[in-house]
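# Observations on the model geometry
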Amino acid sequence: MTTSARLRDRRVQLARRATASKTVRGSLVSVAGLVGGPVTNQAGDDVGRVVDVVARLYGTDPYPPVTGLVVRVGRRSAFLQVDTVEQVNAGQVRLRTARMDLREYERRPGEVLLARDVLDHQLVDVDGIQVTRAADLYLAPLAERIVLVGVDVSLPTLLRRLGPRRWQARPTPERVLDWQAVAPFAEHATEGPAQVHLRGTRSSLHQLRPADLADVLEDLGRAERQQLLAWLEPGHAADALEEMEPGELENLLREAGPAYAARMLGEMEPDEAVDALRDLGAGERETLLDLMAPAQAAGLRGLLARPEDTAGGAMTTRLVTALREDTVAQVRGQLAEQAEHRTEIDAVAVVDADSRLIADIPLFHLTVAEDTTTMGDVVDWLAQFGTQVVVGPDTPVNEVADHLLASRASSLLVVDEKERPLGRMLADDILDALLPERGRRHFRRFLQ
């Protein structure tokens, strides 16, 4: 999809949101103003006070339907089904029946108390890509139901709630975020029943860039951060972790627990996982390595054994290799299988039968070559431009940087004494090693 098409699709989505309707915006009811308000019967007599509003937050509906109210009647907190409610106005509720079930309210799976669980709690503004707090929540009638349509995150609204009660019930539609634009965290009803599906706003989190998700994770509280990670696919979560500040990532790994931390490190690129492991204590490091697959742990231990200011200690071991007789089409197939690691692969190492390096082919040359061209033909054509620069695992990072600048390449292969590829030093790996306070994570965010 082209950029213009995406923008048109985005405008259509925004126009379809409930809060884009003047009718909906004119009928908003403040949850903050509703709590503590009177509940009256058909005759207008007070029968209780609103304690909270119950909604099914994590269903398939784009706007969560209100299922009932928790009402204080005498000393009891009773539950009123939404079908017993005639009208919900600013600061008050009127019932359509005089009959009430006065049994004490007990939360059912999937139910969320909006005032208790969402109001004043953290949520993610998916459109603005930031963590904020719900200063107020707004209900509105929609398709013959009362639904949660929006959230207000403005400071003036928070101050409004501190004023007289007649102010508290006044909605401010000009400050409302549509509910589809936020991802909430309700700690008491996160999972809901087994049939609950991923909400659209959660799905949109998967579309955020890793650097944006990293910013969100750093701003969330501990419980909300763990909840967000649980919503993400492991690979997407690992990409976000790679973009986090070292100190924040260290805290996250510790609070997540060894099993989850080991899993995330296993999903991360090797060089990024090693950076994270180096920030942990020796005991913590060994605990996590012991929980990984043996081959994976062995590879990370090998990188950890080398000084971090050398090529062998800062390189990524993510490589794509090919033989001279392989065709360009076959190599492209290998690259397609490694698409999730695209940021770590900018060239293909051509090796002989003994795995010794013949040449390092930048991806550009594979994009312009014919499918039937062999890698040997590409190697022979590039030979006219001179020999390629490689470095050893013990080469200091500052020397690697000099070689990289001189060669005008975007990465350099790291080879052993027998010229067998061990890994690759990418430009951002070098920045990360030479400028740790402004290294890879900052660099990638800057580029994005």
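These lines cover the structure that appears in this document, whether it is placed above or below.

Moving on, we get to the pattern of salt bridges. Under the counting rule described, the total for this entry stands at 21 salt bridges. For Glu255, the salt bridge identified is with Arg225, shortest N-O distance 3.0 Å. With a gap of 30 residues between them, Glu255 in helix H11 (residues 246-256) and Arg225 in helix H9 (residues 222-231) connect regions that are remote in the sequence. On the basis of relative accessibility, which here comes to 17%, the residue Glu255 falls in the buried class. By relative accessible area, which is 5% here, Arg225 ends up buried.

Let's shift gears to the sheet that holds strand E9 (residues 122-125). The strand order E10-E9-E14 describes an open sheet built from three strands, whose pairing is antiparallel. Strands with a single pairing partner mark the edges of an open sheet, and in this sheet they are strand E10 (130-133) and strand E14 (182-184). Strand-to-strand, the axes of this sheet are offset by a mean angle of 35°, without reference to chain direction. Relative to E10, E9 runs antiparallel, the two sharing four bridges.

Since the α-helix packs 3.6 residues into each turn, any two residues three or four apart lie on the same face. Across the nine residues that make up helix H10 (residues 234-242), a large majority, seven, are buried. Taken residue by residue, H10 has Pro234, His236, Ala237, Ala238, Ala240, Leu241 and Glu242 as its buried positions.

Mapped onto the elements of the fold, Ala223 is located in helix H9. Look at Ala223 and you get partly exposed, because its relative accessible area is 47%. In this structure, the C-alpha to C-alpha distance between Ala223 and Ala256, residues 33 residues apart in sequence, is 9.9 Å.

The strand order across the open sheet formed by three strands is E18-E19-E20, and the pairing between neighbours is mixed. Where the open sheet ends on each side, the last strands, each with one partner, are strand E18 (390-391) and strand E20 (421-426). Taken together, the five bridges between strand E19 (residues 411-415) and E20 define a ladder with antiparallel strand orientation. When the sheet's bridge partners are listed, Leu413 is paired in E20 with Arg424.

This part covers the packing of H9 against H11. Two numbers describe how H9 lies on H11: the axes approach to 11 Å, and their chain directions differ by 80°. Here H9 is positioned roughly perpendicular relative to H11, judged by the angle of their axes. Contacts between H9 and H11 involve Arg222, Arg225, Gln226 and Leu229 from the first element and Glu248, Leu252, Glu255 and Ala256 from the second. Looking at the contact of H9 with H11, its residues break down into three nonpolar, one polar and four charged.

The topology assignment puts Ser77 in strand E5 (residues 76-81). The exposure class assigned to Ser77 is buried, which follows from its relative accessible area of 11%. A distance of 3.2 Å separates polar atoms of two side chains, one belonging to Ser77 and the other to Arg72. When near neighbours in sequence (up to four residues on either side) are disregarded, Ser77 contacts Val70, Val71, Arg72, Arg103, Glu104 and Tyr105.

Here is what the cut-offs are and how they apply
Residues numbered from 1 in each chain as written. Predicted model: local features only at pLDDT ≥ 70, side-chain atom pairs only at ≥ 80, totals over all residues. Heavy atoms only, no water. Salt bridge = Lys/Arg side-chain N within 4 Å of Asp/Glu carboxyl O. Helix = DSSP H or I, 4+ residues; strand = E, 2+ residues; numbered from the N terminus. Buried < 20%, exposed > 50% of the residue type's maximum accessible area, 1.4 Å probe, protein only. Pairing = 2+ DSSP bridges. Axes fitted to C-alpha atoms, helices over the stretch in contact; angles between N-to-C directions. Parallel < 35°, antiparallel > 145°, perpendicular 65-115°, else oblique. Contact = heavy atoms within 4.5 Å. Nonpolar A, V, L, I, M, F, W, Y, C, P; charged D, E, K, R; others polar. Polar contact = N/O pair within 3.5 Å; in protein donor to acceptor, adjacent residues only side chain to side chain.

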